[in-house]
Structure formats: C-alpha cells, structure tokens
Amino acid sequence: MADQYAQSGEDGRPTEIPAIRWDEPPEGPVLVLLDQTRLPAEEVELVCTDASALVDAIRSLAVRGAPLLGIAGAYGVALAAARGFDVDEAALALAGARPTAVNLSVGVRRTQAAHRDAVAKGGDPEQAAGAALAAARRLHREDAEASARMAAHGLALLDELLPGGGHRILTHCNTGALVSGGEGTAFAVALAAHRDGRLRRLWVDETRPLLQGARLTAYEAARNGMAYTLLTDNAAGSLFAAGEVDAVLIGADRIAADGSVANKVGSYPLAVLARYHHVPFIVVAPVTTIDPDTPDGASIEVEQRPGFEVTEITSPQVTVSGVGGGIPVAPLGTQAYNPAFDVTPPELVTAIVTEEGAVSPVTAGALAELCDRSRQVTI
C-alpha cells in the first residue's frame, strides 16, 4: 500500500525533503520517497509499506536515477524482511522493476545477501531483518560518500581539461540529489564548480520525453542558486556551433565492460556533437554502475517506455482524458518510439569519473583495473 501527503514551509515554499528515507511509525516500518513525478509543482511524499508499492513507484518514476534506485532496492528488501514478507520474492520483483539500471539489482542483491547470511547463522526473523536494514543503510551512506568523491574528481578533471574556470557545462536528464544518497553524480560536479566560483553557466536539456531536465535539474539548479538556462534537446547543436559549450557532463544507468554507456535517451547525439566540436564528453557514475557481466553496448537491455509519455504531456494539477491521463499533443492512435535510454560507444567518451578516480581513455582494461581497485578498497 502507498499513501501520499504534501509538505510545505510556512512561507509556502517547499521544504527540504530527502529523496528517500526509512521511517518507523507506530504502525510499522515504511519507506518514504519524494515523489519525483510531482516536481517541481509540489513536494509530495509517497509512503511505501511493502515491496509491491515500491515496485510501482520505481516503474512510475516516482523514484528514479541509478544510484538512488540501488538504495531504494536495498531498502525495499529490508522493508519486506521487517514486515514479514517473502524476502526472495520481494527481491525478485524489485530487481526486475527497471531492466537497464544495474544499480537497482546491485542494491537488492546486497541486502538480500545480508539477510540470507543472518538466517544461515541462526538469526531469528527480527535479527535477519535488522541485518538487511543495516546493509541498506550502509549502502545509502556509501553512496553519499561516493557522491562527494566523484564531485572532487570531476572538478579536478574539468580544471585539467579547461584551465582557468568559467566553465559552461551542458547536462542531460537529472543527476543531482534526487538520484543519490548525496548530491548526485554529474550534477554534483557542476555544483562543486558553482561553489568554487568556476561555473559560468549550466545548460540544462529539458530531456524528452519526461522532461526530467526541465522538471528536476532546473529545480535543483534553482534551489542551489546556480546560473542555469533551460533548452530544448534539439537546440543543443546550435549551442555547440556557437561555441557556448565547454564540456558535457552526464550520468549513467549502466556501463558495459567495454565502456559503452547507457544513459537517458538523447545522450548519444550529445556525444556525437561533442566529438565533432572537440568538446569533452564526461560520464560521472559510481563504480557500481559498471557491469562487468555486460560485455558491450549491444548487450545492454534498453527499457521501452509507454507511447503516451511522448504523445501526451502530464501535469499533477491537470486531469484530462488522454490514454495516460495527460494532455494529448498528437492525434489519437499515434504510434510512438519511446526508448528510455540510448547507448554511447566508448570511443565517444572522453572520461568516466567514479569515486575511485577517472578513466581516460575509456577501455575495457582500464575499467577492469578500476573495478579491481575498488573491490580491494571495499575489502
């Protein structure tokens, strides 16, 4: 089951609500999410009391973004354990809720393993549930720490590639605190540049079809007092041609073993534009986004979203008779091609920045070495 309630400050401005939190009211533990489908109009929390409600929230994009999906999946397993549901069944449903974002399954498996280990050691259900929750909380904390380290590594790389500051950064989709236990991935780098007085302009793609740049990245940029400008995705080329872009910073939902990067659809065209105009194209993502079991870009399963996300525009304040509950912008019955992601080959990626440092040039060997180093640090 899920319930919703809104919060706002006394002056009518939205309060700071975390993207995800664990809560334990008298009626039992819950996972509380900031419903990202309602932003920027209002901040509304979605309360999940079981894994099935969380699966629905993941599929509807109420909670989204690769690192945060990993955290949500981990807490979802812990929630199933705490409420006495079948943990393995919940883990299976959660891991399959969105196929492209590898962090989701990583978070689910990690908490599931902690639960199984506690059971194998003779722990009772309460102890096993406690072990699962501890694992989820540890992942949440680690992601926050990784975010800060990615920001530092990314800013150092920008200063190396673009000495002198005054960076004009183009970003795609949303990669800030709304997708992370910390301040994000690619957005966290831009935010670090802003705080150091080195960000001249953040160019924000509106990011079709769900407008996650317009609704979410612009929202986060405004909250942080950043100099930003929103643009339609197909206006990016004119910015490059005018020499107004110094670097492209994006996140990732899955990075294959060869360095191919799956990110929000529209990322690949930006990489092509960046290469033609000799502009660095930088991917910022935690090591958990690198999937050594996916050999190359062609092996990445790309999620296909419903067509009405393209043929309609939705608004939390407007209810109309469209198929998906939105305002129709195309004739009834129009077919829509709506992949959630596209894949950028490694030769178009200048660098991949992780919490363990940057990889450039992007090769299978360099990524494997980075992952090995990360595992050694973890151990």
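Criteria and cut-off values
- Residues numbered from 1 in each chain as written.
- Predicted model: local features only at pLDDT ≥ 70, side-chain atom pairs only at ≥ 80, totals over all residues.
- Heavy atoms only, no water.
- Helix = DSSP H or I, 4+ residues; strand = E, 2+ residues; numbered from the N terminus.
- Buried < 20%, exposed > 50% of the residue type's maximum accessible area, 1.4 Å probe, protein only.
- Contact = heavy atoms within 4.5 Å.
- Areas by Shrake-Rupley, 256 points an atom, 1.4 Å probe, with all protein chains shown as cover.
- Lys, Arg positive; Asp, Glu negative; His and termini not counted.
- Charge placed at Lys NZ, Arg CZ, Asp CG, Glu CD.
- Salt bridge = Lys/Arg side-chain N within 4 Å of Asp/Glu carboxyl O.
- Patch = residues over 30% accessible without salt bridge, like charges linked within 9 Å, V, L, I, M, F, W, Y side chains within 5 Å.
- Pairing = 2+ DSSP bridges.
- Core = buried A, V, L, I, M, F, W, Y, C linked by side-chain atoms within 4.5 Å.

### Some words on the overall build of the protein chain
Turning to step 1, where the next piece is worked out: When you go through the protein chain residue by residue, the secondary structure sums to 11 helices and 17 strands.
Turning to step 2, where the next piece is worked out: By its C-alpha atoms, the protein chain is 65 × 55 × 45 Å across when sized along the principal axes.
Turning to step 3, where the next piece is worked out: Within the protein chain, the fraction of its 379 residues that count as buried is 53%.
Turning to step 4, where the next piece is worked out: Looking at the protein chain alone, contacts between residues at least 24 apart form 75% of all its contacts between residues at least 6 apart.
Turning to step 5, where the next piece is worked out: Working note: accessible area of the protein chain is about 16100 Å², and carbon and sulfur atoms make up 53% of it.
Turning to step 6, where the next piece is worked out: Each charge class in the protein chain was averaged separately, 29 positive and 47 negative side chains, and the resulting centres sit 3 Å apart.

### Description of the pattern of salt bridges
Turning to step 1, where the next piece is worked out: Tallying each qualifying case throughout the model produces 18 salt bridges.
Turning to step 2, where the next piece is worked out: Across the salt bridge formed by Arg-21 and Asp-23, the nearest N and O atoms sit 3.6 Å from each other.
Turning to step 3, where the next piece is worked out: According to the relative accessible area criterion, Asp-23 is partly exposed, its value standing at 30%.
Turning to step 4, where the next piece is worked out: A salt bridge links Asp-196 to Arg-198, with the shortest nitrogen-to-oxygen separation between them at 2.6 Å.
Turning to step 5, where the next piece is worked out: In this structure Asp-196 comes out as partly exposed when scored by relative accessible area, which is 43%.
Turning to step 6, where the next piece is worked out: One salt-bridge network, held together by shared partners, links Arg-98, Glu-303, Arg-305 and Glu-309.

### Quick word on a nonpolar patch on the surface
Turning to step 1, where the next piece is worked out: A cluster of nonpolar side chains, contributed by Ile-313, Ile-327 and Val-329, occupies part of the molecular surface with about 230 Å² of accessible area.
Turning to step 2, where the next piece is worked out: Residue placement: Ile-313 occurs in strand E13 (residues 312-313).

### Some remarks on the sheet that holds strand E9 (residues 254-256)
Turning to step 1, where the next piece is worked out: Spatially, 4 strands are ordered E12-E9-E10-E15 in an open sheet, and the strand pairing comes out mixed. Each end of this open sheet is capped by a strand with a single partner; those strands are strand E12 (290-291) and strand E15 (341-344).

### Describing the nonpolar core
Turning to step 1, where the next piece is worked out: Among the nonpolar cores identified, the biggest contains 39 residues, and Leu-31, Leu-33 and Leu-54 are the most heavily contacted of them.
Turning to step 2, where the next piece is worked out: Mapped onto this core, the elements with two or more residues apiece are strand E2 (20-23), strand E3 (30-34), strand E4 (44-48), helix H1 (51-59), helix H2 (66-82), helix H3 (87-95), helix H4 (102-120) and helix H5 (125-161).
Turning to step 3, where the next piece is worked out: For this core, the leading source of residues is H2, giving 11 residues.
Turning to step 4, where the next piece is worked out: Not counting the four nearest positions on each side in its chain, Leu-33 is found in contact with Ala-19, Ile-20, Val-44, Glu-45, Leu-46, Cys-48, Leu-54, Ala-57 and Val-63.
Turning to step 5, where the next piece is worked out: One finds Leu-231, Val-261, Val-283 and Leu-348 within the second-largest nonpolar core, a separate group that totals 29 residues.

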